[in-house]
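A closer look at the structure
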Amino acid sequence: MSTKSNNQKVKITKTKVDSFPPPSTGQAFLRDTLLNGFGLRITYQGSKSFIVEKRINGKVRRMTLGRYGELTVEQARREAQKLLGKVAQGTDPIAEKVKARKLSTTLEQAFKEFKSARKSLKSQTLSDYERMLSLIFPDWQKKPLKDITKAMVAKRHRELGENRGPAYANYSMRFLRSLYNFAKATYEDEDGNSLLYENPVSILTATRSWYKLKPKQTVIKAYEIKDWFKAVNDLKKPESPTFDHMVADYLLLVLFSGLRRQEAAQLLWKNVDLKEKTILIPDPKNHEPLKLPLSDFLFELLIERKELAVNEYVFPGKDGKGYLIEPKNPIKKVIKQSSVQFTIHDLRRTFITIADSLDISSYTIKRLVNHKINNDVTAGYIVSDIERFRNPMQKITNKILELSNENPREKIISMEVGRRKQKTLEAV
């Protein structure tokens, strides 16, 4: 089809629209001689839509009015007259339409874009956010962002604090604040100005309504470790379920390594080097890879666990798939038997507390537990060597065993386990 036939200027009528053939490729246009700027577009697939075209601020802008069949020629011409009238008065109807579409973005839609943009989010964080959206904000999901007010935020935050606790209330609102900050930066007009004038969560800061939370300082006290250790080892009795055996090793690994709950649960065998006696956490919370030396105790624990491997995770899920999800029932057994109330994160705090009691340098402790070292000029010049941390790690292990009434030098390993160890080392 010629270029001329692709851009015809005629009085647009139903007959002309019906008889206008599709191009072989791309699209073709009929432009109206009665109303300058009104036209019809047809694609090579035969789809016909009414359009308005006008030069606005030096640029030719095109706006689709609707499909032929949904609009008649006369209905489309009247809509075109309205829009062209707005342009004559200095209004950009196309920009207004884009603005209106962006302003109608719902909380649910914004979260989908947020997830797509924030590819570095940890899977657990993303799971928490999805759960909050469905459980905490189910009635807000279909609401446009602009319709969620400061008063609504303040009320929901107060209700969450009363019903679910201050920590959960603050966490939920920090998620909402992050989502709004993303939306403010994303949804802009043609001049780059945000279409959302403010973040409604700012009301909590302005009115000082955030709940003040004291950081948890709970640890397993020195005199409690013996009873706790015995209760954990009792999970490994022959008559106990195999799952309980694994949970016992998981709890011991967290206590003796200081790893975070998810870091230990998601530990992969490919990141356990039994020859080098190290474990690697490639993507921890602060995104700085962590390589830890294994103490003798952890080395023996992982040697035995390797014999029982069923998938790529050191601590597989209960059905043998995936990794271990927080094992509530075995933990309850330990709490009941030992009378020691604890959470998995308490084990990490206990590791840090014991390390500090041994006068291990704060720099070494921070390196072992992968805490950020901020404003420490000297630390920037220190080149870390994994072997430098092996002795401190062993000192911490020995202290824990001492408190648990276990002497690593007197621990008797059966000939069967010894053979397993040799066999595993040969296979590595």
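This section reports on the structure supplied with the text. Remember, predicted model here, so these are calculated numbers, not experimental data.

1. Some words on the sheet that holds strand β4 (residues 48–56)
The strand order across the open sheet built from 5 strands is β1-β2-β3-β4-β5, with neighbouring strands paired in mixed fashion. Strands with a single pairing partner mark the edges of an open sheet, and in this sheet they are β1 (7–10) and β5 (59–67). Going from strand to strand, the sheet's axes swing by 30 degrees on average, the running direction of each strand aside. Sheet analysis places strand β3 (residues 38–43) next to β4, joined by 5 bridges and oriented antiparallel. Counted as the bridge partner of Gly39 is Ile51 from β4.

2. As for the pairing of strand β7 (residues 278–281)
Here strand β6 (residues 272–273) runs beside β7; their pairing, made up of 2 bridges, is antiparallel. Residue pairing for β7: Val272 is matched across the bridge by Ile279. Where β6 folds back onto β7 in an antiparallel hairpin, the turn is made up of 4 residues, including Lys277, whose phi is positive at roughly 60 degrees. Where β7 lies against strand β8 (residues 290–293), 4 bridges are found, and the strand directions are antiparallel. Across the sheet, the residue bridging to Leu280 is Lys291, located in β8.

3. Remarks on the packing of aromatic side chains
For any two aromatic rings, the description comes down to two numbers: the centre-to-centre distance and the angle of the planes. Taken as a whole and assessed by the stated rule, the structure comprises 15 aromatic pairs. Ring centres of Phe256 and Phe297 lie 4.2 Å apart, and the angle between their planes is 25 degrees; on these two criteria the pair is classed as stacked. You can see Phe256 sitting in helix α11 (residues 242–257) and its partner Phe297 sitting in helix α13 (residues 296–306), a full 41 residues away along the chain. Each member of the pair, Phe256 as well as Phe297, carries the same accessibility label: buried. Through pairs of rings, three or more aromatic residues link up here, namely Phe111, Phe114, Tyr129, Phe137, Trp140, Phe175 and Phe182. Geometry around Phe29 places Arg31 over its ring, the cationic atom sitting 4.6 Å from the centre. Its end group placed over the ring of Phe243, Lys318 keeps NZ or CZ at 5.0 Å from the ring centre.

4. Overview of helix α8 (residues 166–186)
End to end, α8 covers 30 Å across 21 residues, agreeing with the expected 30 Å (1.5 Å per residue, within 8%). All buried positions along α8 are accounted for by Ala169, Asn170, Ser172, Met173, Phe175, Leu176, Leu179, Tyr180, Phe182 and Ala183.

5. A short note on the nonpolar core
Trp228, Tyr250, Leu251, Phe256, Leu302 and Phe342 are the most contacted members of the largest nonpolar core, which totals 59 residues. Among residues more than four places away in sequence, those in contact with Leu302 are Leu253, Trp269, Val272, Leu274, Ile279, Leu294 and Val314.

What counts as what
Residues numbered from 1 in each chain as written. Predicted model: local features only at pLDDT ≥ 70, side-chain atom pairs only at ≥ 80, totals over all residues. Heavy atoms only, no water. Pairing = 2+ DSSP bridges. Helix = DSSP H or I, 4+ residues; strand = E, 2+ residues; numbered from the N terminus. Axes fitted to C-alpha atoms, helices over the stretch in contact; angles between N-to-C directions. Phe/Tyr/Trp six-rings, centres within 6.5 Å; stacked < 30°, edge-to-face > 60°. Buried < 20%, exposed > 50% of the residue type's maximum accessible area, 1.4 Å probe, protein only. Lys NZ or Arg CZ within 6 Å of the ring centre and 35° of its normal. Expected span 1.5 Å × (residues − 1). Core = buried A, V, L, I, M, F, W, Y, C linked by side-chain atoms within 4.5 Å. Contact = heavy atoms within 4.5 Å.

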